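Fold and contact review
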Amino acid sequence: MSIRSAFLGSKLRIVGTVLLVLVVGFGAAYAGGIIGAPTVEGMSNSFGTVNESTTVIETNVTVNNPNPVGISLGGVSVNYTVDMNEVRMASGDKKGIGVGTGNSTLTLRTLMDNQQIPKWWASHLQNGERTSVGVSATIKSSTLGQSFSTSLPSRTIGTDLLSAFNSTEERPVNANQPLVSDPVLWVNETSASWGDVTAAETPTDMSFTVYNPNSYPITVSELGYNVTMAGVDMGEGATEDPYVIAPGTEETLEADVIIDNTKLDQWWVEHLNNDQSSMLRISFYAEASVGGETLRIPLEAFTHEEEIETDVFGG
């Protein structure tokens, strides 16, 4: 063995021995209470840029290191998750973090998969329009061989998108056509409820009790609807069975309104870009025979609008 190789070998052995001693020393110091465990003092989250595929979540984690020296030997990593009704919306980690003494703020960025939005939306409606948001973070130190976790208090998001449609207010339906006496019908009652919501679609059962004040029957051959959320077309359709409303009688018209959940990613972009606020709008029209004339009547009295507000992380 040459003097050079022996010398270099000795240097490598010395460095390795020193590192081993330091790691063991840190571990022993932690076990003996000389070195304290870092803790997560707080977290704040906000949404960043968004497109139809992903949403950036920006997280600031405040870590307190009670030791007089920084912890970086062996590496420090942070893992965090965001759940909405136990649907994992995002998770991320950042490795190789050096934590100084006292409080340090770590800035983390991760991408939320927008394909999870329909699953969350379904859970929100199935849960009585309530969502529990859970955010947690875990710090791991390979130097100390320990992990330290914290969670923000769960936050509840609530909406009430249909109750205002349940009404017994009497409203006129006007054809606004020449030679037709308005109102052609009266709406005496409206009601709505969510159907069997899935990640694919949101069925909504809506009904309208209408009164015919005329001396002749009115035949509604088609009752159509259009749904928008934040201006995004979410669904449209029409009934196939006609309704005949005899003179001086009431009839209940029913419409199965379907929201296409595959378009929720488009809504989400507009919703976030408008400070997590958007409008649900369901409008209706009727193809009806009135006095022997077939008319397309916008049913403005049936139109339902409700604001959707989420404020996922609060503040």
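Note that the structure is a prediction, hence the values are computed from the model and not measured.

1. What about the overall build of the protein chain?
The helix and strand inventory of the protein chain stands at three helices and 18 strands. Counting over 315 residues, the protein chain shows a buried share of 43%. In the protein chain, of all internal contacts separated by at least 6 residues, the share reaching a separation of at least 24 is 68%. In the structure as shown, the protein chain presents an accessible area of about 15,900 Å², 48% of it carried by carbon and sulfur atoms.

2. Details of helix H3 (residues 264–273)
Counting buried positions along H3 yields seven of ten residues, so the element is predominantly enclosed. At the exit of H3 stands Asp275, carrying a positive phi of roughly 60 degrees.

3. Some thoughts on the side chain of Glu287
With respect to the helices, strands and loops of the structure, Glu287 is situated in strand S16 (residues 277–290). In terms of polar contacts, Glu287 uses its side chain to reach the side chain of Arg296, at 3.1 Å. Leaving out residues up to four positions away in the same chain, Glu287 has contacts with Thr219, Val220, Ser221, Glu222, Thr294, Leu295 and Arg296.

4. Here we look at a negative patch on the surface
Judged by side-chain charge, Glu169, Glu170, Glu189 and Glu250 come together as a negatively charged surface patch. Turning to its location among the elements, Glu189 is positioned in strand S10 (residues 185–194). Residue classification places Glu189 among the partly exposed positions, given a relative accessible area of 37%.

5. Quick look at unusual backbone geometry
As a rule of thumb, non-glycine residues mostly have phi less than zero, and peptide bonds are mostly trans rather than cis. A cis geometry characterises the amide bond from Asp182 onward to Pro183, with omega recorded as -5 degrees. With respect to the secondary-structure elements, Pro183 resides in the loop between strand S9 (171–173) and S10. Here the phi dihedral of Asn176 falls at roughly 55 degrees; this positive angle occurs in a residue that is not glycine. With respect to the secondary-structure elements, Asn176 resides in the loop between S9 and S10. Phi at Ala230 is positive, roughly 55 degrees, even though this residue is not glycine. Topologically, Ala230 is positioned in the loop between strand S12 (218–229) and strand S13 (232–238).

6. Observations concerning the environment of Pro172
Along the chain, Pro172 falls in strand S9. As for Pro172 and Asp182, which are separated by ten residues in sequence, their C-alpha atoms are 8.2 Å apart. If near-sequence neighbours (up to four positions away) are discounted, Pro172 is found in contact with Pro183, Leu185, Trp186 and Ala301.

7. Some words on the packing of helix H2 (residues 117–126) against H3
Contact pair H2 / H3: the axes reach a minimum separation of 9 Å and the direction vectors enclose 85 degrees. For the element pair H2 / H3, the angle class is roughly perpendicular. Facing Ile117, Pro118, Trp120 and Trp121 of H2, the residues of H3 in contact are Leu264, Trp267 and Trp268. Of the residues contributing to the contact of H2 with H3, the split by class is seven nonpolar, no polar and no charged.

8. Focus on the packing of aromatic side chains
Two descriptors summarise a pair of aromatic rings, namely the distance from one centre to the other and the angle between the planes of the rings. The final tally for this structure, using the stated rule, is ten aromatic pairs. Plain terms: the ring middles of Trp120 and Trp121 are 6.3 Å apart, the flat faces sit at 75 degrees to each other, and that makes the pair edge-to-face. Consider the rings of Trp121 and Trp267, whose centres lie 5.7 Å apart with planes at 65 degrees: the pair is edge-to-face. Of the two residues, Trp121 sits in helix H2 while Trp267 sits in helix H3, which places them 146 residues apart along the sequence. Overall, Trp121 belongs to the buried group, its relative accessible area being 2%. The exposure class of Trp267 is buried, given its relative accessible area of 0%. An aromatic cluster is present here, built from Phe47, Trp120, Trp121, Trp267, Trp268 and Phe313 joined pairwise through their rings. Here the basic side chain of Arg296 rests over the ring of Tyr285, its NZ or CZ set 3.6 Å away from the ring centre.

9. With respect to the pattern of salt bridges
Applying the stated criterion across every chain yields a total of four salt bridges. Between Arg155 and Asp311 there is a salt bridge, and its shortest N-O distance comes to 3.1 Å. You can see Arg155 sitting in strand S8 (residues 155–158) and its partner Asp311 sitting in the segment after strand S18 (304–309), a full 156 residues away along the chain. You can call Asp311 partly exposed: its relative accessible area is 30%.

10. Points about the confidence of the model for the protein chain
Per-residue pLDDT for the protein chain averages 83, and the proportion of residues at 70 or more is 80%. Counting contacts from residues 2–34, a segment whose pLDDT is below 50, to residues more than four positions away or on other chains yields 20 contacts.

Cut-off values and rules
Per chain, residues are indexed from 1 in the order of the written sequence. pLDDT decides what is reported in this predicted model: residues at 70 or higher carry local features, side-chain atom pairs at 80 or more are listed and counted, and totals for whole chains, interfaces and linings draw on all residues regardless. Only heavy atoms go into the side-chain values, all of them from the structure, while hydrogens and water stay out. What counts as a helix is a DSSP run of H or I of at least four residues, what counts as a strand is a run of E of at least two, and both are numbered from the N terminus. Relative accessible area decides the class of each residue, using a 1.4 Å probe on protein chains only: under 20% of the type maximum gives buried, over 50% gives exposed, and in between gives partly exposed. Residue contacts follow a heavy-atom distance rule, with two residues in contact if any of their heavy atoms lie within 4.5 Å. Methods summary: accessible areas were calculated by the Shrake-Rupley approach with a probe of 1.4 Å, and residue burial reflects only the protein chains presented. What qualifies as a polar contact is a pair of N or O atoms within 3.5 Å, subject to a donor-acceptor requirement within protein and to the restriction that residues adjacent in sequence count only when both atoms come from side chains. Think of a patch as exposed residues, more than 30% relative accessible area, with no salt bridge, where like charges cluster within 9 Å and nonpolar side chains (Val, Leu, Ile, Met, Phe, Trp, Tyr) cluster within 5 Å. Only one rule defines a salt bridge in this text: a Lys or Arg side-chain nitrogen within 4 Å of an Asp or Glu carboxyl oxygen. Two residue types count as positive, namely Lys and Arg, and two as negative, namely Asp and Glu; His and chain ends fall outside the count. For charged residues, the charge sits on one atom: NZ in Lys, CZ in Arg, CG in Asp, CD in Glu. The axes are straight lines fitted to the C-alpha atoms, using for helices just the contacting stretch, and the angles between their N-to-C directions are given from 0 to 180°. Any angle from 65 to 115 degrees is called roughly perpendicular, while one under 35 is roughly parallel, one over 145 is roughly antiparallel, and all others are oblique. Classification used: nonpolar for Ala, Val, Leu, Ile, Met, Phe, Trp, Tyr, Cys and Pro, charged for Asp, Glu, Lys and Arg, polar for all others including Gly. Paired rings are identified among Phe, Tyr and Trp, the last through its six-membered ring, by centres lying within 6.5 Å, and are further divided according to the angle between planes into stacked (under 30 degrees), edge-to-face (over 60) and tilted (the rest). The rule is short: NZ of Lys or CZ of Arg within 6 Å of the ring centre and within 35 degrees of the ring normal puts a charge over the ring. Scored from 0 to 100, pLDDT records how confident the predictor is in each individual residue.

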